[in-house]
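Next come the chains, spelled out residue by residue.
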2 protein chains.
Amino acid sequence: MRDLLTHAVEDYLKAIYDLSLNFGRASTTQIAEVLDVAPASVTGMVKKLASTNPPLVEYQKHRGVVLTQDGEKIALEIIRHHRLLELFLHETLGYSWDEVDAEADRLEHVISDKFEQRIAEVLGDPTHDPHGDPIPTRDLEMPSHATLCLAHLRPDERGSIQRVRDTDPELLRYLGGHGIVPQASFTVMGYTPFDGNLTLRVNGQEEPVVLGTRITQQIFVERE
Amino acid sequence: MRDLLTHAVEDYLKAIYDLSLNFGRASTTQIAEVLDVAPASVTGMVKKLASTNPPLVEYQKHRGVVLTQDGEKIALEIIRHHRLLELFLHETLGYSWDEVDAEADRLEHVISDKFEQRIAEVLGDPTHDPHGDPIPTRDLEMPSHATLCLAHLRPDERGSIQRVRDTDPELLRYLGGHGIVPQASFTVMGYTPFDGNLTLRVNGQEEPVVLGTRITQQIFVERE
DNA sequence: ATCCTTTTTTAGGCAAGACTAAATTCGGCC
DNA sequence: GGCCGAATTTAGTCTTGCCTAAAAAAGGAT
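Residues numbered from 1 in each chain as written. Chains lettered and ligands numbered in written order. Predicted model: local features only at pLDDT ≥ 70, side-chain atom pairs only at ≥ 80, totals over all residues. Heavy atoms only, no water.

1. A short note on the interface of chain B and chain A
Taken residue by residue, the interface counts 18 residues in chain B and 18 residues in chain A. Together, the buried faces of chain B and chain A total about 1,600 Å²; carbon and sulfur atoms form 64% of this surface. It is Leu-93, Val-110 and Phe-115 of chain B that lose the most area in chain B upon contact with chain A, and together they represent 33% of the buried surface on that side. For the pair chain B and chain A, the number of links is two salt bridges. Notably, a salt bridge pairs Lys-114 of chain A with Glu-99 of chain B, separated by 2.8 Å at the nearest N-O pair. At the surface where chain B touches chain A, the tally comes to 12 residue pairs in polar contact (both at pLDDT 80 or more). (Contact = heavy atoms within 4.5 Å. Buried area = accessible area lost by both parts, 1.4 Å probe. Salt bridge = Lys/Arg side-chain N within 4 Å of Asp/Glu carboxyl O. Polar contact = N/O pair within 3.5 Å; in protein donor to acceptor, adjacent residues only side chain to side chain.)

What follows is the structure, encoded as structure tokens:
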């Protein structure tokens, strides 16, 4: 009964975990979008996840799913794998921060507990991946993370970058090129009310940058 | 047409490569044994491999298969992955030499060219894995390897361990415990004619070891 | 309350890769 | 030359995970 942990299953659980963080539960359509799969496929898989022993999700028709404790545990294991791998690729193998996500996506399903443990040791039990996302601890506690997004800051406010959504490699390259990486400090110079563009001066950078809301919604910060 | 490189396909090619080294070609039954799969399944897969474009094996009914150039190239890529990974796990992540094979078996199908390149760099373009097996070069040349097996040495001959078959973790632990690892020097002390037991004194070890033919056939050496 | 759009489900299919059981072919031996 | 046993192939199924198209259910707006 435990061998139902296919790669596909793991991907579903990860997606459901993420969606639940934002919306409380995950709808069929949302899951289908995230995984780039037909909605009908999701229904099928979700039914399977709900009827394993133990069940990994709670499923109500037309109301989407929530992870059970068992499901959440597995999701956190995979996320720990993923984020440790990202950091490992970055720190030890010299990957840039826009390259790590794709490679980690494939490796996360395949590494053993031993591998996980070893890279955690090599990295000194790190708490954050290269994009600033928190890494679940060994006993699968998820540390809290910044939720204030850059779009909400106003002129003259200062802050530090906490994390950046890791989905788009090109965006990451762009941001990296302007010094916008976790821990960087900055000051908001200007803000245009209608289109919401922010002008940012990043400490240590010559030129200020102008960022649209498409971008500033992907960046999470702490006020200083 | 190139996406036919499933994990299963890669495993078949690897197995066929190995068998061809020893026997010139690979029979259905042999492949089935190596992969722990029913012979009928092998026939099916082998037909597929022979009818792709380009074909990866040459197949004649009832006479087994040989790799084509294309098939061999892929096999060597996988073997390079595997052996680089083994060494990486051993050197960088502190795995013991009996643990690396299983982990590498899963990772080899999943890592990118970039990953391969990076670990090769970190390891300084190594030529041999922890069991002494040669690692194909970047342009997929397979270095030659020792073929003289320990069972063929006679009393008073001296030599050095070159490589050890990596299939059985327990054997590897046993041998490692007695200092029998690649590059170790030794002297053959005695040999019993009927059962073929060898008594070995390994340089740097207190106690000599007695090894049966089941073991001495798995160890390859160079005379000194 | 009903209509309409969105979401979900049903139903039917496909591709990989494995299996079993039943045929067939090969190779050696008399 | 014919027979036997081992090796191989054929034929037919199963499972997983995905797909599409079309039916059905929810839920919001009027």
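2. As for the sheet that holds strand β3 (residues 158-164) of chain A
Residue and element names in this part refer to chain A. Taking strand neighbours across the sheet as the criterion, the five strands line up as β6-β5-β4-β3-β7 in an open arrangement whose pairing is antiparallel. The sheet is open, and its two borders are formed by β6 (209-211) and β7 (219-223), each paired with just one other strand. With strand direction ignored, the average angle separating the axes of adjacent strands in the sheet is 45 degrees. Note that β3 and strand β4 (residues 185-191) share three bridges and pair antiparallel. Bridge pairing links Arg-158 to Thr-187 in β4. Relative to β6, helix α7 (residues 169-177) is tilted by about 150 degrees, and along the sheet it contacts β3, β6 and β7. (Pairing = 2+ DSSP bridges. Helix = DSSP H or I, 4+ residues; strand = E, 2+ residues; numbered from the N terminus. Axes fitted to C-alpha atoms, helices over the stretch in contact; angles between N-to-C directions.)

3. A look at the pattern of salt bridges
Residue and element names in this part refer to chain A. Scanning the entire structure with this criterion turns up 20 salt bridges over all chains. The residue Arg-106 makes a salt bridge to Glu-103 at a minimum N-O spacing of 3.7 Å. Of this pair, Arg-106 and Glu-103 both sit in helix α5 (residues 100-107), separated by three residues, roughly a single helical turn. Classification of Arg-106 as partly exposed rests on a relative accessible area of 36%. Take Glu-103: its relative accessible area is 4%, and that puts it in the buried class. Notably, a salt bridge pairs Asp-125 with Arg-138, separated by 3.2 Å at the nearest N-O pair. Placement of the pair is Asp-125 in the loop between α6 (113-122) and β3 and Arg-138 in the loop between α6 and β3, with a sequence separation of 13 residues. (Buried < 20%, exposed > 50% of the residue type's maximum accessible area, 1.4 Å probe, protein only.)

4. Considering the protein's contact with DNA strand C
Inspection of the region around DNA strand C gives 20 residues, with Thr-29, Lys-47 and Tyr-59 of chain A together with Thr-6 and Ser-41 of chain B positioned closest. The sugar-phosphate portion of DNA strand C accounts for 82% of its atoms within 4 Å of the protein, the bases making up the rest. Here Lys-47 of chain A contributes a side-chain N or O atom positioned 2.4 Å from a phosphate oxygen of DNA strand C. At 2.5 Å from a phosphate oxygen of DNA strand C is found a side-chain nitrogen or oxygen belonging to Thr-6 of chain B. For the surface near DNA strand C, the secondary structure elements donating two or more residues are α2 (28-35) and α3 (39-50) of chain A together with α1 (7-23) and α3 (39-50) of chain B. (Near = heavy atom within 4 Å.)

5. Brief notes about the packing of aromatic side chains
Here the distance between the centres and the angle between the planes together describe a pair of aromatic rings. Going through the model one piece at a time under the given rule, you end up with one aromatic pair over all chains. Where Phe-88 of chain A meets Phe-88 of chain B, the ring centres are 6.2 Å apart and the plane angle is 65 degrees; that geometry is what we call edge-to-face. Taken as a pair, Phe-88 of chain A in helix α4 (residues 69-91) and Phe-88 of chain B in helix α4 (residues 69-91) lie in two separate chains rather than in one. Its relative accessible area of 0% is what places Phe-88 of chain A among the buried residues. Directly above the ring of Tyr-191 of chain A sits Arg-154 of chain A, whose terminal nitrogen or CZ lies 4.1 Å from the centroid. The ring of Phe-220 of chain A has Arg-163 of chain A lying over it, and the distance from NZ or CZ to the ring centre is 4.1 Å. (Phe/Tyr/Trp six-rings, centres within 6.5 Å; stacked < 30°, edge-to-face > 60°. Lys NZ or Arg CZ within 6 Å of the ring centre and 35° of its normal.)

6. Some remarks on the nonpolar core
Among the nonpolar cores identified, the biggest contains 34 residues, and Leu-93 and Phe-115 of chain A together with Leu-93 and Phe-115 of chain B are the most heavily contacted of them. Of all the elements in the fold, those that place two or more residues in this core are α4, α5 and α6 of chain A together with α4, α5 (100-107) and α6 (113-122) of chain B. Other than its neighbours up to four places away in sequence, Phe-115 of chain B contacts Leu-89, Leu-93, Tyr-95, Glu-103 and Leu-107 of chain A together with Leu-85 of chain B. (Core = buried A, V, L, I, M, F, W, Y, C linked by side-chain atoms within 4.5 Å.)

7. Some points on the side chain of Thr-187 of chain A
For Thr-187 of chain A, the position within the fold is in strand β4. Discounting chain neighbours no more than four positions away, the residues touching Thr-187 of chain A are Asp-156, Glu-157, Arg-158, Thr-199, Leu-200 and Arg-201 of chain A.

8. Examining the relation of the copies chain B and chain A
Once chain B is rotated about the relating axis by 180 degrees and shifted along it by 0.0 Å, it coincides with chain A to within an RMSD of 0.1 Å. Such a turn and shift between the copies fits a two-fold axis. In terms of C-alpha distance to the rotation axis, chain B has Leu-107 of chain B as its closest residue, with the C-alpha 3.6 Å off the axis. (Least-squares fit on C-alpha atoms with pLDDT ≥ 70 in both.)

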